[in-house]
Amino acid sequence: MTNKKSKNRAVCYRCYRPESSCMCDYIVPVETETRFVILMHPKEFRKTKNGTGHFTHLSLPNSEIHIGVDFSKHTTINKIINDPENSCYVLYPHKTSINLNERSIGEESKKRIVFLIDSTWPCSRAILTDSPNIDNLQKVSFSHTEVSGFTFKQQPKAYCLSTMESTLCVLKLLNEHRVEDISPQKMKGFLKPFEKMVEYQLSCNHV
Ligand SMILES: [Zn+2]
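As a starting point, this report considers the structure included with it. These figures come from a predicted structure and were not determined experimentally. (Residues numbered from 1 in each chain as written. Predicted model: local features only at pLDDT ≥ 70, side-chain atom pairs only at ≥ 80, totals over all residues. Heavy atoms only, no water.)

Observations regarding the overall build of the protein chain
What counts, and what does not: Helix and strand definitions follow DSSP, with helices as H or I runs of at least four residues and strands as E runs of at least two, each counted in order from the N terminus. Burial here depends on accessible area, computed with a 1.4 Å probe over protein chains only, as a share of the maximum for the residue type. Under 20% is buried, over 50% is exposed, and the range in between is partly exposed. Contacts are assigned to residue pairs that have any heavy atoms within 4.5 Å of one another. Note on areas: these come from Shrake-Rupley sampling with a 1.4 Å probe, and a residue is covered only by the protein chains present in the view.
Counting secondary structure elements, the protein chain contains eight helices and nine strands. Every one of the 207 residues in the protein chain was classed for burial, and the buried ones make up 49%. Contacts in the protein chain between residues far apart in sequence, at least 24 positions, make up 72% of those at least 6 positions apart. As displayed, the protein chain offers around 11300 Å² of accessible surface, 49% of which is attributable to carbon and sulfur atoms.

Some remarks on the nonpolar core
As a reminder of what qualifies: Among the buried residues, those of types Ala, Val, Leu, Ile, Met, Phe, Trp, Tyr and Cys that are joined through side-chain atoms within 4.5 Å form a nonpolar core.
By size, the foremost hydrophobic cluster in this structure holds 35 residues, and its most contacted members are Ile105, Phe142 and Phe190. Where this core is concerned, the elements lending two or more residues are β4 (35-40), α2 (53-59), β6 (86-91), β8 (111-118), α6 (163-176), α7 (184-190) and α8 (192-203). Per-element accounting of this core gives the leading share, seven residues, to α6. Once residues within four sequence positions are removed from consideration, Phe142 is found in contact with Leu91, Asn99, Leu100, Asn101, Leu161, Ser166, Cys169, Val170 and Leu173.

Let's talk about the coordination of the zinc ion
Heads up, the rule is: Metal donors were taken as nitrogen, oxygen and sulfur atoms no farther than 2.8 Å from the ion, or 3.2 Å where the ion is Na, K or Ca. Water is excluded, so coordination may look unfinished.
Each protein donor to the zinc ion is listed here as Cys12 (SG), Cys15 (SG), Cys22 (SG) and Cys24 (SG); together their distances run 2.3 to 2.4 Å. When the donors of the zinc ion are listed by position in the chain, the intervening gaps give C-x2-C-x6-C-x1-C. Of this pair, Cys12 sits in strand β2 (residues 11-12) while Cys22 is found in the loop between β3 (17-18) and β4, placing the two residues 10 residues apart along the sequence. Given a relative accessible area of 4%, Cys12 falls into the buried group.

Regarding unusual backbone geometry
A positive phi angle, near 60°, is found at Tyr16, a position not held by glycine. Mapped onto the elements, Tyr16 comes out in the loop between β2 and β3. A relative accessible area of 22% means that Tyr16 is categorised as partly exposed.

Focus on the side chain of Ser97
Looking at where Ser97 falls in the secondary structure, it is placed in the loop between β6 and β7 (98-99). Apart from residues lying up to four places away in sequence, Ser97 is in contact with Tyr92, Gln138, Lys139, Val140 and Ser141.

Brief notes about the pattern of salt bridges
Formally: Each salt bridge in this description consists of a side-chain nitrogen of Lys or Arg and a carboxyl oxygen of Asp or Glu lying within 4 Å of one another.
The final tally for this structure, using the stated rule, is five salt bridges. The salt bridge involving Glu107 is made with Lys110; its shortest N-O contact spans 3.9 Å. Overall, the relative accessible area of 43% leaves Glu107 in the partly exposed class. Given the relative accessible area of 34%, Lys110 is considered partly exposed. Note that Glu199 is salt-bridged to Lys196, the shortest N-O span being 3.7 Å.

Concerning helix α3 (residues 75-82)
Rules: The directions considered for the arc run from the helix axis to the C-beta atoms.
By the burial criterion, the buried members of α3 are Ile77, Asn78, Ile80 and Ile81. Seen along its axis, α3 keeps its buried residues to an arc of 155°; they face one direction. Residues of α3 that are exposed and point more than 90 degrees away from the buried face comprise Thr75, Lys79 and Asn82. Looking at the packing, one finds that the buried side of α3 touches β4, β5 (63-67), β6, β8 and α5 (132-135).

Everything listed is a geometric property; what it means functionally is a separate question.
Okay, here's the thing in structure tokens:
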């Protein structure tokens with residue numbers, strides 16, 4: 001779905017990219033048992049150029065996306081968190097985090113919900129500070145040695161991955177723990193829109 005406001009500013013309202021570099025064709029939907037709730041900082045929402053939260057949402061049919069900073073009174077989110085049928089986690093590195101490389105997450109007969117914060121590190125902290133309901137969730141993290149492919153985005157540290165790259169790491173580890181059963185082919189295609197976007201940005205002069 002597109003909205004042509006002006007000839008050069010047409011935006012794809014699916015992937016929120018300029019129509020000229022819409023990445024929708026590269027999206028490979030990956031079905032998951034785990035439900036992903038993507039929390040996007042408004043600052044990230046405006047960055048149509050490099051946000052990967054939308055790609056992550058489009059690639060995961062079992063996901064939803066919410067934009068904001070303070071989610072403490074967010075009805076939908078609190079319903080998810082307070083539902084006794086759900087086991088909720090938030091992906092965030094912390095000394096109390098469960099390291100997914102070491103153990104799995106989830107409880108028998110409960111739905112596994114993973115909250116993903118799509119934001120820079122300072123904005124992620126702002127979301128947790130303003131949203132005690134999210135901050136109180138069991139945090140999960142993973143160890144990785146990969147360097148982000150996000151070469152044009154100023155990440156404070158090389159090991160800070162984009163939301164999409166982090167999500168792929170989580171999917172791989174959940175697969176290893178056999179709580180997900182995603183085919184290697186799907187795994188391989190997951191980052192395609194992200195890689196194509198980086199490729200596109202690098203080919204432009206204004207990076
Ligand atoms: Zn698009």
